[in-house]
Amino acid sequence: MANVHPRPRVGVALCGAELAGVAHAGVLCALEEMGVQIDHVAGSSSGSLVAALYAYGYRYRDFDAMVRRFPGLLLSDYGFPVVTSVLNIVRKSVHINQIPVPNGLLRGHKLLKYIRNLLADRKPQMDYSLVATDLFSTKAVVFTNHTETIEQGTAYRSTDVPREVLGSCAMPGMLTPVPLRGWLLVDGGVRDIVPVQALRNAGCDRVIAIDVHQLPATWRPVTTVDVMARSMATLLDEAKQTSDLAGRDVFVLRPDLEWTSWWAARKPMAHNLHTARTYTHQQASELMRFLRRSFV
């Protein structure tokens, strides 16, 4: 009888990239069209939102419709960070024990509601992991529905996906940190911008890493937010350079994308969605050779 080699367990790692992260959806949908069976998706920062949506059944048409209706600046809810910080200093000076978390530029309440609405009346259809950073311990925190990983102690059970995604996306200074189950969560990219290790811990022996985190050479600052975002992106890019993308079990996809701003989001987001889908199909031959290697 001929030896039968098991199909490799395939995971897809989605990095953070602000609004350009929608390109992850284009790659995921192209992989499905190519017949690649994805067993687990893991996302960090903005990649966590796409990972959650894909795990909850979003496919190309759903993502395309989401992009066309994206509310952009309507998701902004100014947090008055200076005011809340001053109030907290006063509270501390009079020895008040319960001091609220100081706000970022945005409180994140509208974004949380938006995420909840996107996931409403849906249930997960596959394994997923969402990576955030805990400011108390300064360590990565992985939320998952993958039972074996939870039992191993390398991840925590996912119980509130919208808040976990919000925490993973909470760029320091931009979004208010998210208190959850004893953690104080901020952007997952601070500790793990491309969550390859989370997939390895979940038993994936082939990882497709989608690297859409780019630093456009033509960037020019227009607002204070631009300066903050660029500074954070620079730090995250350095973290990416020291990540484990070079592993033999990792295939990296890097579609060339347009920079996306919150005030003019829909057109470049739609462009990036379609561009990433086309780019992935162009990598089909090399990608399939990578996946077949595990059968040998």
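Residues numbered from 1 in each chain as written. Predicted model: local features only at pLDDT ≥ 70, side-chain atom pairs only at ≥ 80, totals over all residues. Heavy atoms only, no water.

### Topic: the overall build of the protein chain
Along the protein chain, the regular secondary structure elements total twelve helices and nine strands. Taken as a whole, the protein chain presents about 14,500 Å² of accessible surface, with 55% of it coming from carbon and sulfur. (Helix = DSSP H or I, 4+ residues; strand = E, 2+ residues; numbered from the N terminus. Areas by Shrake-Rupley, 256 points an atom, 1.4 Å probe, with all protein chains shown as cover.)

### Description of the nonpolar core
Judged by nonpolar contacts, the single largest core of 80 residues is most densely connected at Val-12, Leu-31, Ile-38, Val-41 and Phe-63. Per element, the largest residue contribution to this core is seven residues, and it comes from helix α2 (residues 46–55). Sequence-distant contacts of Ile-38, that is, excluding residues within four places in its chain, are made with Val-10, Val-12, Leu-28, Leu-31, Tyr-54 and Met-126. (Core = buried A, V, L, I, M, F, W, Y, C linked by side-chain atoms within 4.5 Å. Buried < 20%, exposed > 50% of the residue type's maximum accessible area, 1.4 Å probe, protein only. Contact = heavy atoms within 4.5 Å.)

### Section: helix α5 (residues 109–119)
When α5 is considered as a whole, its buried residues turn out to be Leu-111, Leu-112, Tyr-114, Ile-115, Leu-118 and Leu-119. The buried residues of α5 all sit within an arc of 160° when viewed along its axis, so they share a single face. When the buried face of α5 is taken as reference, the exposed residues oriented beyond 90 degrees from it are His-109, Lys-113 and Asn-117. In the core, the buried residues of α5 are packed alongside α2, α3 (60–68) and α7 (161–169). Phi turns positive one or two residues past the end of α5, at Asp-121, with a value near 65°. (Arc of directions from axis to C-beta.)

### Topic: α3
Restricting attention to buried positions, one finds in α3 the residues Tyr-60, Phe-63, Asp-64, Met-66 and Val-67. Within α3, the buried residues cover an arc of 160° as seen down the axis, which keeps them to one side. Seen from the buried face of α3, the exposed residues on the opposite side, beyond 90 degrees, are Arg-61 and Arg-68.

### Here we look at the pairing of strand β2 (residues 40–44)
For β2, a buried count of five out of five residues is recorded, marking the element as mostly surrounded by other parts of the structure. Across the two faces of β2 the burial is the same, with His-40, Ala-42 and Ser-44 and Val-41 and Gly-43 all buried. By the bridge criterion, four bridges tie strand β1 (residues 10–14) to β2 in an arrangement that is parallel. Counted as the bridge partner of Leu-14 is Gly-43 from β2. For the handedness criterion, the β-α-β arrangement of β1, helix α1 (residues 23–33) and β2 is classed as right-handed. (Pairing = 2+ DSSP bridges. Right-handed = clockwise from strand over helix to strand, strands pointing away.)

### Let's talk about the packing of α2 against α7
At their nearest, the axes of α2 and α7 sit 7 Å apart, and the two run at 155° to each other. One way to sum up the angle between α2 and α7 is to call them roughly antiparallel. Of α7, the residues touching α2 (which contributes Ser-46, Ser-48, Leu-49 and Ala-52) are Val-161, Val-165, Ser-168 and Cys-169. Looking at the contact of α2 with α7 residue by residue, the classes come out as five nonpolar, three polar and no charged. (Axes fitted to C-alpha atoms, helices over the stretch in contact; angles between N-to-C directions. Parallel < 35°, antiparallel > 145°, perpendicular 65-115°, else oblique. Nonpolar A, V, L, I, M, F, W, Y, C, P; charged D, E, K, R; others polar.)

Geometric descriptors of this kind do not, in isolation, establish any biological role.
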